[in-house]
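Here are the chains, one letter per residue:
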Amino acid sequence: MELSIQHWCTDNGARVFFVARRGLPTVDSRITFNAGSARDNTLPGLARMTSNLLLEGTAEQTAGDISQALEQHGARVEMRCGRDTADVNIRCLSHQAHLGPVVQTIGECIAGAVFPSDSVDRIRQRMIAGLAQASTAPMEKIEKGFTEAIFGDHPYATSPGGESDSLQAIDPQRLRSFHGRYYVAANTTLTLVGDLPRAQAERVAEQLVAGLPVGERASALTLVKPPSGRTVLRLPFEAEQTHVSIGGVSLPYGHEDHPALHLGCHILGGGGLTSILARRMRRERGLSYSSACKLTAGAAGGRFQMKTHVRNEALSEALSVLRASLRELLDQGAEPDALELARENLLGSLPLQLASNRDLLEQVATIGFHGLPLDDVQRFSEKLRQLDGEEVSAAMRRHLDPDLMATVLVGPELAISRVE
């Protein structure tokens, strides 16, 4: 599972991370800007709208020209914008006859986007329609409510998709201003994985970011602070089941306790039917067919989240089981068999996370953007092998306090109003 990641900087200061992988004549690349929704300030949705408009035209090319130029070479391009980053993901054949024109087109777009008014209006309406659709989905409601409950007034609490009022207020000038501040070389991480020699990878990297001004890197975000106490957020939604999320703030990328916490959360709610939550919620009590624990990280902090959905009449019992399962794991630690099973499960899944170029790109891009050691995957694997039960429990007690967690309920008002 050893990765050979090569690293250098382009002439204008963009950081590049490259893994040569032969076998398929393709290249996967990601241009990552430190320009996620945490930079929205007073206009939620600004970062994502900027990202969505990058291929909508330059001074020389229309959106139709750009689309045709990419399609004729079989390139696939996807924009993503989360809380930390805005990403341009590109998949293309590695032969220069295809790769060269695609790289040139993408480079021109990210540096020279002009944000035409008609495109801005179209993308705005598409995002507003997405908000309307999300408001009718209980999973979307609970994710939004949970994020706001645990992150409070931190920029991470802002939904990347924005709000209807803020989206209406975003005009081309605001988009150009955001683009000019954050879409610069110093604020860019470029990841390349695929069938390229180092010399060609260097040329591709230079061409992708050559048009970007040097600029300045975005300032570091303030670390997320846990809430001061336990909260319960009730969001009425008529349905036969209630969706539940319980959790709080977790660790940022690079924290030394992350492997231990990851292993502990897998014991609690990962690994399919072998986890504590799956056993107690499904096999022993028949409360839910879907209960899990999820741990995510970000530049300024992460999320620990237990999730389930249950029959309305079983809500109180389900909450008791979720909370008791966490407290018992914190107080008593994991049983040796459960620890070993979770360890084997995680170690066994690691190679699968590196199997394809796209999976490998995800790992390397994370390492590059967050400034992790180039051998982070190997270090994580070695740490998982070395951890004992007490180290796992101690890490969980240090970072997971049930008395500082939020409980978010999305279900019928009568059902959710009866529980604490």
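Residues numbered from 1 in each chain as written. Predicted model: local features only at pLDDT ≥ 70, side-chain atom pairs only at ≥ 80, totals over all residues. Heavy atoms only, no water.

J.: When you look at the overall build of the chain in this model, what are you seeing that I'm missing?
T.: Scanning the chain for helices and strands turns up 16 helices and eleven strands. Expected size for 420 residues packed as a compact globule is a radius of gyration near 22 Å; at 23 Å, the chain falls within 12% of this value. Dimensions of the chain, computed from the C-alpha atoms along their principal axes, are close to 60 × 50 × 35 Å. Taking all 420 residues of the chain together, the buried fraction comes to 52%. For the chain, the proportion of contacts with a sequence separation of at least 24, taken over those separated by at least 6, is 82%. Here the chain displays about 18800 Å² of accessible surface, and carbon together with sulfur accounts for 49% of that area. (Helix = DSSP H or I, 4+ residues; strand = E, 2+ residues; numbered from the N terminus. Rg over C-alpha atoms; globule rule 2.2 N^0.38 Å. Buried < 20%, exposed > 50% of the residue type's maximum accessible area, 1.4 Å probe, protein only. Contact = heavy atoms within 4.5 Å. Areas by Shrake-Rupley, 256 points an atom, 1.4 Å probe, with all protein chains shown as cover.)

J.: How do you make sense of the sheet that holds strand 8 (residues 241-250) when you look at a structure like this?
T.: Two orientations exist for strands paired in a sheet by backbone hydrogen bonds: parallel and antiparallel. Strand order across the open sheet formed by five strands is 7-11-8-10-9, with mixed pairing between neighbours. Strands at the two margins of the open sheet, each flanked by one partner only, are strand 7 (231-236) and strand 9 (291-296). Averaged over all pairs of adjacent strands, the angle between their axes in this sheet comes to 15 degrees, without regard to strand direction. Across five bridges, strand 8 lies against strand 11 (residues 406-411) in antiparallel orientation. Residue pairing for strand 11: Ser-245 is matched across the bridge by Val-408. Here helix 9 (residues 258-269) sits on the sheet and contacts strand 8, strand 9 and strand 10 (302-311); the angle it forms with strand 9, its principal contact strand, is near 170 degrees. Its contacts with the sheet place helix 10 (residues 276-284) against strand 9 and strand 10, and it is angled at close to 155 degrees to strand 9. (Pairing = 2+ DSSP bridges. Axes fitted to C-alpha atoms, helices over the stretch in contact; angles between N-to-C directions.)

J.: When you look at unusual backbone geometry in this model, what are you seeing that I'm missing?
T.: A negative phi holds for most residues other than glycine; trans holds for most peptide bonds. Backbone geometry at Asn-41 places phi at a positive 60 degrees, although glycine is not the residue there. Residue placement: Asn-41 occurs in the loop between strand 3 (26-33) and helix 1 (46-52). Judged by its relative accessible area of 67%, Asn-41 falls in the exposed class. One non-glycine residue, Phe-115, lies in positive phi territory at about 55 degrees. Note that Phe-115 resides in the loop between helix 3 (96-112) and helix 4 (117-134).

J.: Looking at this structure, I do not really get the packing of helix 9 against helix 14 (residues 376-386). What am I missing?
T.: If you want to describe how two helices pack, look at the angle between their axes and the distance between the axes. Taken N-terminus to C-terminus, the directions of helix 9 and helix 14 make an angle of 60 degrees; their axes are 9 Å apart at the nearest point. By the angle between their directions, the pair helix 9 and helix 14 is classed as oblique. Handedness of the crossing formed by helix 9 with helix 14: right-handed. Between helix 9 and helix 14, the contacting residues are His-258, Pro-259, His-262 and Leu-263 on the first element and Phe-380, Lys-383 and Leu-384 on the second. Across the contact of helix 9 with helix 14, the residue classes tally to four nonpolar, two polar and one charged. (Parallel < 35°, antiparallel > 145°, perpendicular 65-115°, else oblique. Left-handed = near helix turned anticlockwise from the far one by under 90°. Nonpolar A, V, L, I, M, F, W, Y, C, P; charged D, E, K, R; others polar.)

J.: Quick question: what am I supposed to make of the side chain of His-243 here?
T.: Tracing the backbone through its elements, the reader meets His-243 in strand 8. For His-243, a relative accessible area of 11% corresponds to the buried category. In contact with His-243, other than residues within four places in its own chain, are Pro-138, Met-139, Ile-142, Thr-308, His-309, Val-408, Leu-409 and Val-410.

J.: I would appreciate a short explanation of the pairing of strand 10 in the present structure.
T.: The side chains of a regular strand alternate, first on one face of the sheet and then on the other. Among the ten residues in strand 10, seven count as buried, and that is most of the element. Pairing analysis gives ten bridges linking strand 8 to strand 10, with the strands arranged antiparallel. By the bridge assignment for strand 10, Val-244 is matched with Thr-308. The hairpin formed by strand 9 and strand 10 contains five residues between the paired strands, and Gly-301 there has a positive phi angle of roughly 150 degrees.

J.: Mind showing me how you'd approach the nonpolar core here?
T.: Inside soluble globular proteins, nonpolar side chains tend to come together where they are buried. In this structure, Ile-31, Met-49, Val-88, Ile-106 and Leu-208 are the most contacted members of the largest nonpolar core, which totals 53 residues. Here the element with the most residues in this core is helix 3; it accounts for six residues. Excluding residues within four positions of it along the chain, Met-49 makes contact with Val-120, Ile-123, Arg-124, Met-127, Leu-167, Ile-170 and Leu-175. If you look at the next biggest cluster of nonpolar residues, it comprises 43 residues, including Val-244, Leu-315, Leu-329 and Leu-384. (Core = buried A, V, L, I, M, F, W, Y, C linked by side-chain atoms within 4.5 Å.)

J.: How should I be thinking about the packing of helix 2 (residues 63-71) against helix 3 in this particular structure?
T.: Where helix 2 contacts helix 3, the two axes come as close as 9 Å, and the packing angle between them is 155 degrees. Relative to helix 3, helix 2 is oriented roughly antiparallel. Between helix 2 and helix 3 lies a crossing of left-handed hand. Contacts between helix 2 and helix 3 pair Ile-66, Ala-69 and Leu-70 from the former with Val-102, Thr-105, Ile-106 and Cys-109 from the latter. Looking at side-chain class alone, the contact of helix 2 with helix 3 contains six nonpolar, one polar and no charged residues.

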